[in-house]
Amino acid sequence: MRKKKKHKPKIWKWLGILAALTILLVVGGCAAMFSIGSALVDQGKVKEQIESSILYDNQEQEIYRLYVEDREYVEYQEIPPMIVSAFVNVEDERFFTHRGVDVIAIGRALYKDIRAGSKVEGASTITQQLAKNVYLTHEKSIWRKTKEALIALNLEQNYSKEQILEFYLNEIFFGHGVYGIKAASKYYFGKDDLNELSLAEVATLAALPKAPNNYSPINNYEKSLERRKVVLALMERNGSITKEEREAAAEEELTLVGRGKGNQEVRAYVDFVLKEAEDKFGITENELYRGGYKIYTELDPQAQNAMVKAFNNPDLFPKSKSVDPVQAGMVITDPKSGGIVAMMGGRDYQAKGTNRALTKRSPGSTFKPLAVYGPAMEQGWNPYDMLRDEKMTFAGGYSPSNWNGDGYLGQVSMYDALKRSKNVPAVWLLNEIGMDTSFRYLDRFGVSYDKKADRQLGIALGGLTHGVSVLEMAKAYGAFANNGVVVEPHAIAQIQDREGTIVEAAPGTTTVVTDQTAYYMTKMLQAVVNEGTGTRAKMNRPVAGKTGTTQMEGTKGGNRDAWFVGYTPEYVGAVWMGYDYPNSKTNFLTDGSGIPAKFFSVVMTEALKGREVTSFTKPKGVKELQPPVNLAPIQDLQLQDLMGSVSLAWSPIQDQRILYRIYRYVGDPANKELIGETEYSEWMDMNVASQEPIYYYVVPVDTQNRREGSPSNVVSFMPAVEENPEHIPPVDEEQEPPVDEEVAPVDPNQGNGNVPDPALPIQPSPTPTPTPAPTTPPVETDPNLLEAPVPSG
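Residues numbered from 1 in each chain as written. Predicted model: local features only at pLDDT ≥ 70, side-chain atom pairs only at ≥ 80, totals over all residues. Heavy atoms only, no water.

*Asks:* Tell me about the overall build of the protein, and name the residues and values.
*Replies:* Across its full length, the protein holds 20 helices and 22 strands. Taken over 793 residues, the protein has a buried fraction of 52%. Accessible surface, the protein: about 38200 Å² in total, of which carbon and sulfur atoms supply 51%. (Helix = DSSP H or I, 4+ residues; strand = E, 2+ residues; numbered from the N terminus. Buried < 20%, exposed > 50% of the residue type's maximum accessible area, 1.4 Å probe, protein only. Areas by Shrake-Rupley, 256 points an atom, 1.4 Å probe, with all protein chains shown as cover.)

Okay, here's the thing in structure tokens:
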């Protein structure tokens, strides 16, 4: 019988067909994608001038144009080999061997990212960077990275390695609005010939593309030096330089000549916008300079011009004893929107220079409302509550003093303590509410501090380890101007790209304190300006604010910092004055906070000129701040004996907030006891049991503000003493028994009815509310004088 032939499975045949189709699809897809990449490449675009971006103010008028200045093209033959070596070593080690995309670098970057759990290393080649800079937007997506790779592959097909390097070195962004290696050489080092650059200078320039702002030697010399050393180490590792050359270049001190260009009157504001665009919108400075964006800002041209005018007026600044000028930083914000409407970074601000509106300084007494008085009112304290005002030492040996020899009143209301910028009451109250409470509210205000180093009572007087910025203080005071709500400060309202797409970022808001606390604080800060240390900040409209200074150690009455932070119903303004590098020989202020207070007044008056004068309005549901009761001492306390009981009466104080405390003692006044409280101007003591004189006095109390007045006059009562029956003489029956004499009412001016004893210290009994000292006339204060010193520890 013939056997049937077995057929082998056809699986291998089908697998072969599938593999062929897959290869065909991949090849076809790659060809199609490569074709797309080729279409994306504009052969002339690598030398094309970029499109400028425009900044607009809040009236949509142009204020600044971002464009590439001093862009000088240099041919590859003019570029020294040392420059080529430096950039290739640090940016793309396998540039001369890959075909536009470095697979090895991608694998290494992925491995490091996976191990770190985040993106820690990039893998873009020089060709990819050129593709991104010239052809693509800031979009963050896989498709953009895909397009970047495809364009890079096409560039490698159309240009030589030398041409790509030439394009790259002429297009790369070096910070400060500078593009191209030759323009960077001139800007930073003043050298037009690239062959004159030293190895240290070349390494410094090669360090910039990774992060131009961070590694700019003008912005941050130390960070630039660190990055320079990294570049030099890579060059040595790859054999481009020797060890001796690396060491010499790492130690070389650079001579920098570059400074910013453009409209310096708004340059500090522009620099802030550039940083905010990257931080909040993800658009880099490089992209802004070449991307054709329209940036709509919150800048108020009238406020900015007022600030510029004041900064250019030397009469508004203290005269300097040294070659260094007295500097200043100022910010004006709209507390309701959070918009930064004006900013100046200094008297001679240069692009990307030191912005003194953002640097941190010791805030002095301007910190009291934030660290002490605001949090205290949130805990139930009232502006007219009494605070201790006497020389005292707190835990850790800290013993603050009132500024400029301002005396001690024993007790003072919160209202007056803030108005007169007293130090000891502020420290005492912080000690009462606790550091944790203060820190909790400082977090809400959004001001920075060191949670460990600053856990000390000195922060009541602005004694911070690192200080705070002018912008931070304007932001925090915005809570008082905006019914207790802080709106995050911002300069950019919206950004529109060249395709017309609009991007906005809504500012965050935080409720810091209640509207009642904000309103009461405004009332107190108005008193500071109207009759306290801030009188030089007065304007033709309502102003609330606080002065602040910090002492310069090693001087007699000299100051390191002088502040004024205040607000009108429209805007918040913060001003700092001082030296960039203070010292106790020449660089210190001999004037106090009256100078920045006056500066504030001049700027804000001009900024709001022509606008309707409005008043601070009381929020709905908030009680009006009541003035304190006039606790005039009671001087007509009367005593009457009613059949062994004591009746007390006095003239009432005409105020419904008054309560009277009745005290009595026998013998030593220190043994006084509180026997009762009453709303009425009389009291009956039914429990009289003593064989010695009993003394009484009355203390009025302001119940709303938890404030005691001074003790009244003292009256006394001598209880009737029963005779011993064994010694009573016999009564003659023929005689009438003697009639007991009636105890007449005590005349307070005779006998023992009124006992004026100058050696008799009357002290009210201890209660949760401190007892005030006798009232004293208000003390005149000179706002130009030194305020509270910031404690050193």
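*Asks:* Please provide a residue-by-residue account of empty space enclosed by the protein, values included.
*Replies:* Scanning all chains against the criterion turns up one cavity of 30 Å³ or more. If you add up the space inside the largest cavity, you get close to 60 Å³. Lining of the largest cavity is provided by Thr-333, Asp-334, Pro-335, Gly-338, Ala-474, Lys-475, Gly-478, Ala-479, Val-486, Val-487 and Pro-489. Secondary-structure elements contributing two or more residues to the lining of the largest cavity are helix H18 (470-481) and strand E8 (485-487). Here the lining of the largest cavity takes four residues from H18, the largest share from any one element. Residues belonging to the lining of the largest cavity are distributed by class as follows: six nonpolar, three polar and two charged. (1 Å grid on protein atoms, 1.4 Å probe; cavity = no way out; pocket = protein on both sides within 12 Å on 5 of 7 lines; lining within 4 Å. Points joined across faces, edges and corners; volume = space filled by probe spheres on them. Nonpolar A, V, L, I, M, F, W, Y, C, P; charged D, E, K, R; others polar.)

*Asks:* Explain the sheet that holds strand E4 (residues 327-333) residue by residue, including any values.
*Replies:* The pairing of strands in a sheet comes from backbone hydrogen bonds and takes either a parallel or an antiparallel form. Strands sit in the order E5-E4-E14-E13-E12 across an open sheet of five strands; the sheet is antiparallel. Both edges of this open sheet fall to strand E5 (340-344) and strand E12 (544-551), since each of them pairs with a single strand only. On average, each strand axis in the sheet is inclined to that of its neighbour by 10°, with strand direction left out of account. Bridge count between E4 and strand E14 (residues 572-578): seven bridges; the pairing is antiparallel. Paired with Ile-332 across the strands is Gly-573, a residue of E14. Its contacts with the sheet place helix H20 (residues 594-607) against E4, strand E13 (559-567) and E14, and it is angled at close to 140° to E14. (Pairing = 2+ DSSP bridges. Axes fitted to C-alpha atoms, helices over the stretch in contact; angles between N-to-C directions. Contact = heavy atoms within 4.5 Å.)

*Asks:* Tell me about the environment of Glu-504, residues and numbers included.
*Replies:* For Glu-504, the position within the fold is in the loop between strand E10 (502-503) and strand E11 (509-511). Residue Glu-504 is classed as exposed on the basis of its relative accessible area, which comes to 58%. Measuring from C-alpha to C-alpha, the distance between Glu-504 and Gln-494 comes to 4.6 Å, with ten residues separating the pair along the chain. Among all residues touching Glu-504, those that are not within four sequence positions of it are Phe-281, Ala-493 and Gln-494.

*Asks:* Tell me what's going on with helix H7 (residues 181-189), and back it up with residues and numbers.
*Replies:* The buried count for H7 comes to eight of nine residues, which makes it a mostly enclosed element. Listing the buried residues of H7 in full gives Ile-181, Lys-182, Ala-183, Ala-184, Ser-185, Tyr-187, Tyr-188 and Phe-189. Those residues of H7 that are buried lie in contact with helix H2 (81-91), helix H6 (161-171) and helix H8 (199-206). Once H7 ends, the next one or two residues include Gly-190, with phi positive near 70°.

*Asks:* Tell me what's going on with the packing of aromatic side chains, and back it up with residues and numbers.
*Replies:* Counted under the stated rule, the structure contains 23 aromatic pairs. Relative to Tyr-449, the ring of Phe-439 lies with its centre 4.6 Å away and its plane at 35°, an arrangement referred to as tilted. You can see Phe-439 sitting in helix H17 (residues 435-445) and its partner Tyr-449 sitting in the loop between H17 and H18, a full ten residues away along the chain. We note that Phe-439, like Tyr-449, is buried. (Phe/Tyr/Trp six-rings, centres within 6.5 Å; stacked < 30°, edge-to-face > 60°.)

*Asks:* I'd like to hear about the environment of Ala-268, residue by residue, with values.
*Replies:* As for its position among the elements, Ala-268 is in helix H11 (residues 267-281). A C-alpha to C-alpha distance of 7.0 Å links Ala-268 and Tyr-349, two positions 81 residues apart in sequence. The residues contacting Ala-268, other than those within four sequence positions of it, are Met-343, Met-344, Gly-345, Tyr-349 and Asn-355.

*Asks:* Report on the pairing of strand E2 (residues 62-66), specifying residues and quantitative values.
*Replies:* Here strand E1 (residues 53-56) runs beside E2; their pairing, made up of four bridges, is antiparallel. When the bridges of E2 are listed, Ser-53 appears paired with Leu-66. From the end of E1 to the start of E2, which pair antiparallel, there are five residues, and Glu-60 there has a positive phi angle of about 60°.

*Asks:* Outline the nonpolar core, listing residues and values.
*Replies:* Counting 95 residues, the largest nonpolar core has Leu-370, Tyr-373 and Leu-429 as its most contacted members. The element best represented in this core is H18, accounting for nine residues. The next biggest cluster of nonpolar side chains, apart from the first, holds 51 residues, and it includes Val-90, Ala-131, Leu-155 and Phe-189. (Core = buried A, V, L, I, M, F, W, Y, C linked by side-chain atoms within 4.5 Å.)

*Asks:* Tell me about unusual backbone geometry, and please be specific about residues and values.
*Replies:* Although it is not a glycine, Glu-60 sits at a positive phi angle of roughly 60°. For Glu-60, the position within the fold is in the loop between E1 and E2. A relative accessible area of 56% places Glu-60 in the exposed class. The backbone phi angle of Lys-352 is positive, close to 60°, even though this residue is not glycine.

*Asks:* A description of the sheet that holds strand E15 (residues 638-642) should follow, citing residues and the corresponding values.
*Replies:* Taken together, the three strands give an open sheet; going across it, the order is E15-E16-E19, and neighbouring strands pair in antiparallel fashion. Only two strands of the sheet have a single partner each, and these edge strands are E15 and strand E19 (682-685). Ignoring strand direction, the axes of neighbouring strands in this sheet form an average angle of 20°. Direction of pairing for strand E16 (residues 645-649) relative to E19: antiparallel, over a ladder of four bridges. What sits directly across from Val-646, in E19, is Asp-685.

*Asks:* An account of the packing of H2 against H8 is needed here, citing residue identities and associated values.
*Replies:* When two helices pack together, their arrangement is given by the angle between their axes and by how far apart the axes lie. One can describe the packing of H2 onto H8 by two numbers: an axis separation of 9 Å at closest approach and a directional angle of 40°. Taken together, H2 and H8 sit at an angle that is classed as oblique. Taken as a pair, H2 and H8 cross one another with a handedness that is right-handed. Taken together, the residues of H8 that come into contact with H2 (itself represented by Met-82, Ile-83, Ala-86, Phe-87, Val-90 and Glu-91) are Leu-199, Val-202, Leu-205 and Ala-206. (Parallel < 35°, antiparallel > 145°, perpendicular 65-115°, else oblique. Left-handed = near helix turned anticlockwise from the far one by under 90°.)

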